[in-house]
Amino acid sequence: MLEPTLAAVSRTGLIADIETIHLDRGYTGDPVAKTCRRWGIDDIVRTPKRPSGHARGRPRTEPLGKRWIVESANSWLSNYGQLRRNTDRRTDCRHAALRLAVTILITAKLIDWRNRYNPT
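The following refers to the structure shown.

Only one face of strand E1 (residues 20-23) is covered, namely the face carrying Ile21 and Leu23; the face carrying Thr20 and His22 is uncovered. Here E1 pairs with strand E2 (residues 43-46) via four bridges, running parallel. In the sheet register, isoleucine 21 faces E2, and the bridge partner there is isoleucine 44. Read from E1 through helix H2 (residues 30-38) to E2, the crossover connection turns out right-handed.

Here it is, written out as structure tokens:
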């Protein structure tokens with residue numbers, strides 16, 4: 001998927017603006033580096049591969065870090081059953097349900113974080 005993605009970026013004229021490219025664990029090896037160099041990208045940041053063996057037969061636990069914001073939003077929105085089941089015939093009803101869910105989520109986050117930066 002790297003070659004078609006870089007080709008699409010090149011068609012938009014933004015390939016010259018890429019200074020650093022961040023790749024997932026699957027994009028390792030010389031072919032990926034050669035493809036990036038061919039498109040003029042020299043700075044490649046890759047997530048390291050996980051070790052294949054487990055110590056003493058137990059899987060090693062690793063912190064996952066921060067989730068991508070879209071993954072978090074999709075996860076939060078999937079908790080609302082009306083959004084999972086599309087039974088509305090009218091799009092304005094569907095829109096209203098989505099707006100209500102987002103309003104509830106934002107309000108809940110604001111309540112959770114209200115004392116985060118100002119504990120007094």
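For the pair helix H1 (residues 2-12) and H2, interaxial distance at closest approach is 10 Å and the crossing angle is 15°. When the interaxial angle is binned, H1 and H2 end up roughly parallel. In the packing of H1 onto H2, the handedness of the crossing is right-handed. Residues Leu2, Glu3 and Leu6 of H1 lie in contact with H2, whose contacting residues are Val32, Thr35, Cys36 and Arg38. When its residues are assigned to classes, the contact of H1 with H2 shows four nonpolar, one polar and two charged.

Ranked by size, the top nonpolar core spans eight residues in total: Leu2, Leu6, Ile15, Ile21, Leu23, Val32, Cys36 and Ile41. Within the residue set of this core, elements represented by two or more residues are H1, E1 and H2. Discounting chain neighbours no more than four positions away, the residues touching valine 32 are Leu2, Leu23, Tyr27 and Arg46. With five residues, the next largest nonpolar core counts Leu77, Leu83, Ala101 and Leu105 among its residues.

What follows is about a negative patch on the surface. A surface patch of negative charge is lined by Asp17, Glu19, Asp42 and Asp43. Along the polypeptide, aspartate 43 turns up in strand E2. Judged by its relative accessible area of 38%, aspartate 43 is partly exposed.

Scoring rules and cut-offs
- Residues numbered from 1 in each chain as written.
- Predicted model: local features only at pLDDT ≥ 70, side-chain atom pairs only at ≥ 80, totals over all residues.
- Heavy atoms only, no water.
- Buried < 20%, exposed > 50% of the residue type's maximum accessible area, 1.4 Å probe, protein only.
- Helix = DSSP H or I, 4+ residues; strand = E, 2+ residues; numbered from the N terminus.
- Pairing = 2+ DSSP bridges.
- Right-handed = clockwise from strand over helix to strand, strands pointing away.
- Axes fitted to C-alpha atoms, helices over the stretch in contact; angles between N-to-C directions.
- Parallel < 35°, antiparallel > 145°, perpendicular 65-115°, else oblique.
- Left-handed = near helix turned anticlockwise from the far one by under 90°.
- Contact = heavy atoms within 4.5 Å.
- Nonpolar A, V, L, I, M, F, W, Y, C, P; charged D, E, K, R; others polar.
- Core = buried A, V, L, I, M, F, W, Y, C linked by side-chain atoms within 4.5 Å.
- Patch = residues over 30% accessible without salt bridge, like charges linked within 9 Å, V, L, I, M, F, W, Y side chains within 5 Å.
- Areas by Shrake-Rupley, 256 points an atom, 1.4 Å probe, with all protein chains shown as cover.
- Salt bridge = Lys/Arg side-chain N within 4 Å of Asp/Glu carboxyl O.
- Lys, Arg positive; Asp, Glu negative; His and termini not counted.
- Charge placed at Lys NZ, Arg CZ, Asp CG, Glu CD.

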